[in-house]
Amino acid sequence: LYTWWSKHQDRDDLAFTKTVQKQATLFLDWLHERITRRNYACPKCSKPMLKSSKTDLRPLFVCNGCRVYHNALSDTRLKGLLQIHFWIPFTLKLIEGYGSNDIARLTNIKRGAAQSWRPIFIAQMRDLGLNELVQWIEWQRNRRCAQVLKINRWLNNLDKNIDQSTHANKTDNLSSTC
């Protein structure tokens, strides 16, 4: 157990556990199904609804019988989010434990969108009962932040050592010229 934990703690091994892999697949399949859904039952009369929108910006359906429009995302936390074509790449990077700024950079999403989407997607995962996945995401993000801080400290110490050795060399040169 310690070997597994230490590899994941130090982010040497980013492989998912079986439970997390299963929950990640469930969420990605759920998201893909909601985005690409082609048929829907009317919430009012239960008759089949037809896809209304010509674009794929929002999966909108209409019931010809009672003229009810229904969005396939209206009963989710994702209902008001735009740029639906970025949701899958965003989710993949979120599951890998990247922070909002890194996700924005890696997927070409605006940073503000990535920052506002993160809590919404995590809340949707919780609503679906994917708690182990949410814990994994938070743990990997915390580990990534710790790793970045560790690298920054190492670089800062390297800069200090270089500055000190440069200063020592200048002092030595000054004392030898006197």
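Everything that follows concerns the structure shown earlier in this document.
What counts, and at which threshold
- Residues take numbers from 1 onward in each chain, read along the sequence in its written order.
- Per-residue local features of the predicted model are confined to residues with pLDDT of at least 70, and side-chain atom pairs are confined, for both listing and counting, to 80 or more; whole-chain, interface and lining totals are unaffected and use all residues.
- Only hydrogens and water are removed before side-chain values are computed, so all heavy atoms of the structure are retained for them.
- Any two strands are treated as partners once DSSP identifies two or more bridges connecting them.
- A run of H or I in DSSP counts as a helix once it spans at least four residues, and a run of E counts as a strand once it spans at least two, with each numbered from the N terminus.
- The aromatic pairing rule takes the rings of Phe, Tyr and Trp, using the six-membered ring of Trp, and pairs them if the centres are within 6.5 Å, calling planes under 30 degrees apart stacked, those over 60 edge-to-face and the rest tilted.
- The rule is simple: take the accessible area with a 1.4 Å probe, protein chains only, and divide by the maximum for that residue type; under 20% is buried, over 50% is exposed, in between is partly exposed.

Novice: How would you sum up the sheet that holds strand β1 (residues 40-41)? Please name residues and give values.
Specialist: Read from one edge of the open sheet, four strands run β1-β2-β3-β4, paired in antiparallel fashion. Among the strands making up the open sheet, the edge pair consists of β1 and β4 (69-71).

Novice: Lay out the packing of aromatic side chains with the relevant residues and their values.
Specialist: Here the structure, examined in full by the defined rule, presents seven aromatic pairs. Taken together, a centroid distance of 6.0 Å and an interplanar angle of 85 degrees make the contact between Trp87 and Phe121 edge-to-face. Highlighted residues: Trp87 in helix α3 (residues 87-95) and Phe121 in helix α5 (residues 111-127), separated in sequence by 34 residues. Classification of Trp87 by relative accessible area gives buried; the value is 0%. A relative accessible area of 0% places Phe121 in the buried class. Pairing Trp136 with Trp139 gives two aromatic rings, centres 5.7 Å apart and planes at 70 degrees, and the pair type is edge-to-face. Of the two residues, Trp136 and Trp139 are both situated in helix α6 (residues 131-177); the distance of three residues between them amounts to about one turn of the helix.

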